[in-house]
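Here is what each chain is made of, one letter per residue.
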Amino acid sequence: MNAILEVAEVELSFGGVRALDGPSFTVGEGEIVGLIGPNGAGKTSLFNCINGLYRPQSGMIRVGGRHVIGMPRHRITDLGVSRTFQNIGLLMSQTVLENVMAGTYHVSHGGYWATALALPQVKRSERSQRASAMAVLDALGLAGAADVPVAVLPFGTLKRVELARALVSEPRLLLIDEPANGLIHSEVLELADTIRRLARERGTAILLVEHHMALVMRVCDRVVVLNLGRKIAEGEPADVANDPAVVAAYLGGAAA
């Protein structure tokens, strides 16, 4: 399996606080790796290092064989890295289709807002962008809601719209940050099946931060566990769930 993401001995500090203390792991093509741990474990900090928001003091991060530490964020995006966030960041005044088309901004001629608002300078590429967006919406079961303003949609549907926006650029590496937050049980199970299908059909490498252990156990091929910025375990979900260090640090009684 080709490694799309390689993380090695990454160290990140803010003043005297060590956010990341040398974690190392890889994510292969079509593989789903869960990144779990208690609050403050360093999960989001690592995400921010991968997509260029933070610059670690030492270590190595490669995407598709390219070193990305110090690379501008738009260049990292051009390498095929896309991300969702814990908090919904959709344009509430726009439709589902317009929000998803905004995910193509980095390959358009007019930039983010030009694409999102369909300004004249992006008309030449709008047709292909629309087709790409509709294909992703269809894959996620959202094609029927394409012209619906996102402001009127339920929270679970908004999560899928945000996922569609991240997918429309056909990323090689997708960083998904707590997708189950705020979802009911049936929506979590549906989301898990959707993520598995996307990885299988598209070959997308997925790094998933999630506290909802049912989703992690259902969807992940491997799990990496962080605690206080350090990797304390890595392996298949069932094995990690019964690791004494993980039980002590994070899972508690849920490990059984």
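Quantities reported herein were computed from a predicted structural model and do not represent experimental measurements.

Engineer: How should I be thinking about helix H6 (residues 155-167) in this particular structure?
Structural biologist: The α-helix winds at 3.6 residues per turn, so residues separated by three or four positions along the chain end up facing the same way. Over its 13 residues, H6 extends 19 Å from the first C-alpha to the last, a length consistent with the 18 Å expected when each residue adds 1.5 Å. Counting buried positions over the 13 residues of H6 gives twelve, a clear majority of the element. Listed as buried for H6 are Gly-156, Thr-157, Leu-158, Lys-159, Arg-160, Val-161, Glu-162, Leu-163, Ala-164, Arg-165, Ala-166 and Leu-167.

Engineer: What is the right way to look at the sheet that holds strand E11 (residues 230-235) in this model?
Structural biologist: For sheets, the rule is that strands pair by backbone hydrogen bonds, running either parallel or antiparallel. The six strands lie next to each other as E7-E8-E9-E4-E10-E11, forming an open sheet whose pairing is mixed. Only two strands of the sheet have a single partner each, and these edge strands are strand E7 (81-83) and E11. Taken pair by pair, the neighbouring strands of this sheet meet at an average axis angle of 20°, ignoring direction. As paired elements, strand E4 (residues 32-36) and strand E10 (residues 222-227) share four bridges and run parallel to each other. When the sheet's bridge partners are listed, Leu-35 is paired in E10 with Val-224. Helix-sheet contacts for helix H1 (residues 43-50) involve E4, E7, strand E8 (173-177), strand E9 (205-209) and E10, and the interaxial angle to E8 is about 150°. In this fold helix H7 (residues 185-202) packs onto E4, E8 and E9, with an angle of close to 135° to the strand it touches most, E4.

Engineer: Just to check I follow, could you spell out the pairing of strand E5 (residues 58-63) for this structure?
Structural biologist: Along any regular strand the residues' side chains alternate between the sheet's two faces. Here five bridges tie strand E1 (residues 3-14) to E5, and the two strands are oriented antiparallel to one another. From the neighbouring strand, Glu-6 faces E5, where its bridge partner is Arg-62. Pairing analysis gives two bridges linking E5 to strand E6 (residues 66-67), with the strands arranged antiparallel. By the bridge assignment for E6, Arg-62 is matched with His-67. In this structure, the hairpin formed by E5 and E6 is closed by a connection of two residues, where Gly-64 is found at a positive phi of approximately 60°.

Engineer: How should I be thinking about unusual backbone geometry in this particular structure?
Structural biologist: Leaving glycine aside, a negative phi is the common case for residues, and trans is the common case for peptide bonds. Positive phi, normally seen in glycine, also occurs at Glu-9, with a value near 50°. Within the secondary structure layout, Glu-9 lies in strand E1. A positive phi angle, near 55°, is found at Glu-170, a position not held by glycine. Within the secondary structure, Glu-170 is located in the loop between H6 and E8.

Engineer: What am I meant to see in the environment of Cys-49 here?
Structural biologist: Examined against the element boundaries, Cys-49 turns out to sit in helix H1. Judged by relative accessible area, which is 2%, Cys-49 ranks as buried. Between the alpha carbons of Cys-49 and Val-10 there is a distance of 8.9 Å; along the sequence they are 39 residues apart. In contact with Cys-49, not counting residues within four places along its chain, are Leu-12, Leu-20, Tyr-54, Pro-56 and Ile-61.

Engineer: I would appreciate a short explanation of the pattern of salt bridges in the present structure.
Structural biologist: This model, assessed by the stated rule, comprises 13 salt bridges. Put simply, Glu-201 and Arg-197 hold a salt bridge, and the shortest N to O gap is 4.0 Å. Of this pair, Glu-201 and Arg-197 both sit in helix H7, separated by four residues, roughly a single helical turn. Classification of Glu-201 as exposed rests on a relative accessible area of 55%. Look at Arg-197 and you get partly exposed, because its relative accessible area is 23%. Here Lys-231 ties to Glu-234 by a salt bridge, and the two come within 2.7 Å at their closest N and O atoms. Exposure remark for Glu-234: the relative accessible area of 36% places this residue in the partly exposed category. Where salt bridges share partners, they join Glu-11, Arg-18, Asp-21 and Arg-230 into one cluster.

Engineer: Just checking my understanding: could you explain the pairing of E8 for this structure?
Structural biologist: Of all five residues in E8, five are buried, a share of seventy percent or more. In this sheet, E8 lies alongside E7 in parallel orientation, the contact comprising three bridges. Counted as the bridge partner of Val-81 is Leu-173 from E8. Taken together, E8, H7 and E9 form a β-α-β motif whose crossover is right-handed.

Cut-offs applied
Residues numbered from 1 in each chain as written. Predicted model: local features only at pLDDT ≥ 70, side-chain atom pairs only at ≥ 80, totals over all residues. Heavy atoms only, no water. Helix = DSSP H or I, 4+ residues; strand = E, 2+ residues; numbered from the N terminus. Expected span 1.5 Å × (residues − 1). Buried < 20%, exposed > 50% of the residue type's maximum accessible area, 1.4 Å probe, protein only. Pairing = 2+ DSSP bridges. Axes fitted to C-alpha atoms, helices over the stretch in contact; angles between N-to-C directions. Contact = heavy atoms within 4.5 Å. Salt bridge = Lys/Arg side-chain N within 4 Å of Asp/Glu carboxyl O. Right-handed = clockwise from strand over helix to strand, strands pointing away.

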